[in-house]
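Coordinates in review
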Amino acid sequence: MMTLSLSRAGLALLVVASLSLRAAAQTDAAFASALGEAPAGLATLARLKKKAQKPAAPKAPTANDAVWQKVLEAVKTDGVYTPEAGRMPGTFSLEDVMGDPKANHTIQGITVGGLLNEEGQFQAIGAILIVSNFKLDPKDGNWRVEQWVFETDIYGQVANAGHGTAVQTPDGKVVSAAPDKLNPADPKIQAQYDAMLKHWAERKPEGA
C-alpha cells in the first residue's frame, strides 16, 4: 500500500470512497452469468435463459503511453523522494495547490511508488492520484470537499477509483463523508482521470 504525503487532501474520504472498478465489473458479469444458468421451470424463463448473454466487463480507465511517461517524469523531477522502509516501497510525491488556501481552492496530489533496481534507478510499480476541491461555507466556516482518487498500475491503468464528498472543519477534522457508488461504465470516470493526467503531464518544472 502506497502512502500519500498530502495535507488537506488526505481525508478519511480517501479510504471510505475507494471502489474497485474491476471488482464491480466482474461482480456484475458473474451475477449475469449466474442468472443465465439458473434452472427455469417455465417455458418463458427457458427462453429468457437462452437469450441471456454475459455482458462484457467495462474497460478500466487507462492512460495514453506518452502522457503517462510525462506524468512520471514530472513527479520524478519535482517530487519529494521517500526511500523504501520495510515492506513500504519508495515513493515520489508531489502536490500542487491552485487558488487561495484560505478560500475556494483545489489540491492536486500524486504519489508514485516503486523500488530501486540493481543500477540504483527508481522503477515505478504504481501510483495514486488525488484531486480535492475545497469550497468554504460562510455559514459555518467549514470546508465542503469533493474528492476523486485513482490508484493505477505501472502502465497507468486504473485498478481502483473513488469519488465522494465530505465536510471538514478548519482544523482538518472530517465531520462527515459521503462516498459515491461508481458505475464502472460511466464515461465521466475516464474523463476525470484524463483531466488529472493532463494536469501533471503539462505541468512546468519548478523554477522553469
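Residues numbered from 1 in each chain as written. Predicted model: local features only at pLDDT ≥ 70, side-chain atom pairs only at ≥ 80, totals over all residues. Heavy atoms only, no water.

**A few points about the overall build of the protein chain**
On a plain count of helices and strands, the protein chain comes out with five helices and eight strands. Along the protein chain, helices and strands appear, N-terminal first, in the series α-β-α-α-α-β-β-β-β-β-β-β-α. Long-range contacts, defined as pairs at least 24 residues apart, comprise 56% of the intrachain contacts of the protein chain with a sequence gap of at least 6. Accessible surface, the protein chain: about 12,200 Å² in total, of which carbon and sulfur atoms supply 56%. (Helix = DSSP H or I, 4+ residues; strand = E, 2+ residues; numbered from the N terminus. Contact = heavy atoms within 4.5 Å. Areas by Shrake-Rupley, 256 points an atom, 1.4 Å probe, with all protein chains shown as cover.)

**Overview of the pattern of salt bridges**
Summed over the entire model, instances satisfying the criterion amount to six salt bridges. Across the salt bridge formed by Asp137 and Arg144, the nearest N and O atoms sit 3.5 Å from each other. Using a relative accessible area of 33% as the deciding quantity, one classes Arg144 as partly exposed. Salt bridges linked by common partners bring Asp78, Asp96, Arg203 and Glu206 together as one network. (Salt bridge = Lys/Arg side-chain N within 4 Å of Asp/Glu carboxyl O. Buried < 20%, exposed > 50% of the residue type's maximum accessible area, 1.4 Å probe, protein only.)

**A look at the confidence of the model for the protein chain**
Residues with a pLDDT of 70 or more make up 72% of the protein chain, whose mean pLDDT is 77. Summarising per-element confidence for the protein chain, the mean pLDDT is lowest in helix α2 (residues 21-37) (37) and highest in helix α5 (residues 187-201) (95). When the criterion is pLDDT under 50, residues 14-42 qualifies, and its contacts beyond four places in sequence or with other chains add up to 46 contacts. (pLDDT = per-residue confidence, 0-100.)

**A closer look at the side chain of Asn142**
Mapped onto the elements of the fold, Asn142 is located in the loop between β5 (122-136) and β6 (143-152). A relative accessible area of 14% means that Asn142 is categorised as buried. Apart from residues no more than four positions distant in its own chain, Asn142 is found in contact with Lys135, Leu136, Asp137, Val167, Gln168, Thr169 and Pro170.

**Let's talk about the packing of aromatic side chains**
Enumeration over the complete set of coordinates arrives at six aromatic pairs. Measuring from ring centre to ring centre gives 4.9 Å for Phe92 and Phe122, while their planes differ by 85 degrees; the resulting arrangement is edge-to-face. Separated by 30 residues along the polypeptide, Phe92 in strand β3 (residues 90-99) and Phe122 in strand β5 bring together distant segments of the chain. As far as the burial class goes, Phe92 and Phe122 line up, both buried. The rings of Tyr81, Phe92 and Phe122 are connected pair by pair, giving a single aromatic cluster. (Phe/Tyr/Trp six-rings, centres within 6.5 Å; stacked < 30°, edge-to-face > 60°.)

**A word on the side chain of Arg203**
With respect to the helices and strands, Arg203 occurs in the segment after α5. The exposure class assigned to Arg203 is buried, which follows from its relative accessible area of 16%. Apart from the residues lying within four places of it in its own chain, the contact partners of Arg203 are Asp78, Leu94 and Asp96.

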